Amino acid sequence: MCGIVGYVGGKSVESVLISGLKKLEYRGYDSAGIAVIDGGELSVRKAVGKIAELEKLLHNQPLGGTSGIAHTRWATHGEPSVINAHPHCNKEQTIAVVHNGIFENYNRLKAELLDDGFVFTSDTDTEVAPHLVEKYLNEGFSVEEAFVRMLRRLEGQYAIAMVCEQAPDRIFFARRGSPLVVARGKEEFMIASDLPALVPLAHEAIFLADEEWGFISPKEVQILRLNGGLAERSWQVVSICEEDIEKGPYPHRMLKEIHEQPEVVERILSKRLDDTFIHFPEMQMGKEYLARIGRILIQACGTSLNAGMIGRMYLEQFAHTSAETDYSSEWRYRNPLASGDSLVIGISQSGETADTLAGLREAKAKFLRVLCFLNNVHSTMAREADAIVELMAGPEIGVASTKAFTAQVLSLLLFALYVGSIKWLIPANERRQILNEVRQVPEKMRRILVNQTVIQEIAEFLKNKNDTLFLGRTYNFPMALEGALKLKEVSYIHASGYAGGEFKHGPLALVSENVPVVIIAPQGEIRSKMISNLKEAQSRGGKIISIVTEGDDEIKKESHYAIEIPPCPESLSPLLVALPLQLLAYYTAVARGCDVDRPRNLAKSVTVE
Ligand code: AGP
C-alpha cells in the first residue's frame, strides 16, 4: 500500500523515479507525485490517477536535479486528489515528504501544529511530517536532528523519505513497520519500498529493519538506529533482473505469472527433492521439535488463507497432525486458546500483510513458535518468524496472486509429507508414489496452458453476468473460494464460493438462469457428490461450468461448458484446478475491459489494518 522511491546520482532523476514508480504501481494507483532538488531549489509535481498521468504532467513541466523522491498512493486518509497526493510539503515548499503507512497520532500532532500557526492544505496524516521538521528547524536544530525529532514524535507505522533545501544532496529515510530497501549502483544510491523498483540500477541492497533511519547522498549512505548509534548492516548482492519483473511478451503481468507456474513448480521440486527425501535447508526447526508438534494453527489472508486451508488437509492426511486455519484478522482479536506444543504457521506472498503480521506477533506474545511460508524472504515476517520456508515463486507483481498460490500449496504439501516422514507415518514407497505424481504436475500444467480456447469462450459468456457461484468439496472447497476471489478481484463480478455440501443449506436459493454455477469436480471420492450439486443447480435453471478430469463425458454432457484437466490424485488436483480458475478470472476481466493488473480499490500488499 503506497510505494516510495528515492534516487541520488548522475542519471536523470525524473526518469529513474518514474521507472521505479511504475514498478511499484501494484502498491497503489490513486495518485502519484515527485519532488526533486535542482540547483538547491525544491520542485514538486503531482497528478491524480495512475503513473501515466504524472508522466504526462512531467512531459509538459519537466524536472532536472540530481536527487529526488517519489510516491504512488493507495488512499487511506483523504480522498484521491492532487491536494492529498504525496509528496507533502511545508508552506514555503522547502521540505518534501513521502510516506507509506499511517501516523496514528496525527490528529494530536496536527492540533498542536495548528496551535503553533502551521497551515495544513491536505486531509492526510502525512502532512504533519514536513511541518514538524520545519518546527524543529525553526528551533535551531540541524536537518538530521529535526528529522530524528520528527520521527520520535510519530506513532504508528511508516516508511518515510524526505528531501530538504537545507541539505540539498541528501535524501533522509526511516522505517517502522513498512518496508524500505536502500541500494547502491554505479556511483548512485537509491531507496524504495520494494527492490524490483530499483532494478536494473541496484547492484547491492540493504533491507532496513524497524527503527532504522539514515540518509543517502551522491557519495555515501549512513544507516543509524533511532535510539542511537550506527546500524551494523551489510550489503547483499541483488539477484533479480528485469526479466523477472517485466511483462515480457504477455499483455498483463497476471497472464505472465499464470504461465510461469510450471517453472515455479519445477524450481521448488528441484530445490526440495532428491532421490530419497524432502529437504527444507532454510527452515531452522529441528526434526525432534517438528515430530512433537501437537497442533498447527495456520493463519493468513485472502489467497494465502485459501492455500492454508488446503495445507490444513495435507497436514491432517500426511502428517496426522491436528490443524486449523483462521483469518489472521480474526485470530488476533478472538484470544485463541493455544498451548505450548502448538505451532503457528503464517502464509504470505509479501511477508508484509498487516493483519497476518499482527496475528503472528500475537502468537509470539503467547510464546508460540512461528513458522512462515514466504515469497519475499527479505520481509518483516521473515525477520520476525522463528523459521521460514521459502516459496521460490519469484517476484509476483500482478495484484491477483497466482503463482505464489500454487507455490504455497505445493510447499505445504511437501512440508506435510516431510513432517509425516519424520514421524515415521508415511512408508517410503507411499511417499515415493505421491512425489512421482507431483513430478508430473508441471507437464500437466503446460497441457492446461496450451488450450485456453474454451476458457476464453466461457469468459465471453460470463462477461455480462452479475453473479456467479463456485462449488467444490474437500481439497477443492478452498479452490471454490479461490476461484470466486480471483473472479471478483479482477472482473468485479460478484462471486461466492461454497462447500458443495452447504449448497442446499441456503446458497441454492441464488441459482437462476442468470447465475452460472462453477462446479469443480475432478476424479476422486467426492466426484459423485459434486454431480448431485450439479443436478441441484441444473434443475433450478442454473448454467453449469464444470472443471473435470479429461474424458469425464458424464459431467461434460450435463454442463453448459466444461474445462478439462489432466488426471491426477484428488489431493494434487488444486495445483491443476488453480490454472483454469485463474485464466477464467483473467479472460473475463479482459472481456469486460478491466485493468487486470491494477484492479480498482486494491493494492498488492495490504500493509494497513
Ligand atoms: C489475492 O489475489 C489477493 N491480492 C489477496 O487476497 C492476497 O492474497 C492477500 O492480501 C494476502 O497477501 P499476502 O499473501 O502478501 O500476505
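Scroll up a little and you will see the structure.
Bear in mind that the values here come from a model prediction, so they are computed numbers and not experimental data. (Residues numbered from 1 in each chain as written. Predicted model: local features only at pLDDT ≥ 70, side-chain atom pairs only at ≥ 80, totals over all residues. Heavy atoms only, no water.)

Peer 1: Before we go on, may I ask you to explain the sheet that holds strand 6 (residues 95-103) in this structure?
Peer 2: The strands that make up a sheet pair up through hydrogen bonds in the backbone, lying either parallel or antiparallel. One open sheet accounts for six strands, arranged 5-6-7-8-12-13; its pairing is antiparallel. Only two strands of the sheet have a single partner each, and these edge strands are strand 5 (88-89) and strand 13 (221-225). Direction of pairing for strand 12 (residues 212-216) relative to strand 13: antiparallel, over a ladder of five bridges. The residue bridging Gly-214 from the neighbouring strand is Ile-223, located in strand 13. (Pairing = 2+ DSSP bridges. Helix = DSSP H or I, 4+ residues; strand = E, 2+ residues; numbered from the N terminus.)

Peer 1: Hey, could you run me through the environment of Asp-244 in this one?
Peer 2: Here Asp-244 is to be found in helix 6 (residues 242-245). In this structure Asp-244 comes out as partly exposed when scored by relative accessible area, which is 27%. The sequence separation of Asp-244 and Glu-257 amounts to 13 residues, and the corresponding C-alpha distance is 9.9 Å. Residues within four places of Asp-244 in sequence aside, it is in contact with Ser-239, Lys-256 and Pro-395. (Buried < 20%, exposed > 50% of the residue type's maximum accessible area, 1.4 Å probe, protein only. Contact = heavy atoms within 4.5 Å.)

Peer 1: Explain the site of the ligand to me, please; I cannot follow it from the model alone.
Peer 2: For the ligand, the set of nearby residues contains 13 residues, the closest of which are Ser-304, Ser-348, Gln-349, Ser-350 and Thr-353. With respect to the ligand, the side chain of Ser-350 contributes an N or O atom lying 2.7 Å from an oxygen atom. Taking Ser-401, its main chain carries an N or O atom lying 2.8 Å from an oxygen atom of the ligand. Of the residues forming the shell around the ligand, the biggest block, three residues, is contributed by helix 10 (residues 302-319). Taken together, the residues of the shell around the ligand break down into three nonpolar, eight polar and two charged. (Near = heavy atom within 4 Å. Polar contact = N/O pair within 3.5 Å; in protein donor to acceptor, adjacent residues only side chain to side chain. Nonpolar A, V, L, I, M, F, W, Y, C, P; charged D, E, K, R; others polar.)

Peer 1: In this structure, what is going on with the pattern of salt bridges? I would like to understand it.
Peer 2: Any two side chains of opposite charge can pair, on the condition that their charged atoms come close. Within this structure, the stated rule accounts for 37 salt bridges. Linking Glu-460 and Lys-463 is a salt bridge whose minimum nitrogen-to-oxygen distance equals 2.9 Å. Between Lys-556 and Glu-564 there is a salt bridge, with the nearest N and O atoms lying 3.1 Å from each other. Relative accessible area serves as the criterion here: at 32%, Glu-564 is assigned to the partly exposed category. Sharing partners across several salt bridges, the network here consists of Glu-25, Lys-50, Asp-595 and Arg-598. (Salt bridge = Lys/Arg side-chain N within 4 Å of Asp/Glu carboxyl O.)

Peer 1: Looking at this model, I keep getting lost on the nonpolar core. Mind explaining?
Peer 2: With 97 residues, the main nonpolar core has Met-283, Leu-371, Leu-414 and Phe-415 as its most contacted residues. Looking at this core element by element, the count peaks at 13 residues for helix 14 (residues 403-422). In contact with Phe-415, not counting residues within four places along its chain, are Phe-280, Met-283, Leu-290, Ile-296, Leu-315, Ile-345, Leu-371 and Phe-373. Residues Leu-17, Val-181, Met-190 and Ile-397 belong to the second largest nonpolar core, which totals 35 residues. (Core = buried A, V, L, I, M, F, W, Y, C linked by side-chain atoms within 4.5 Å.)

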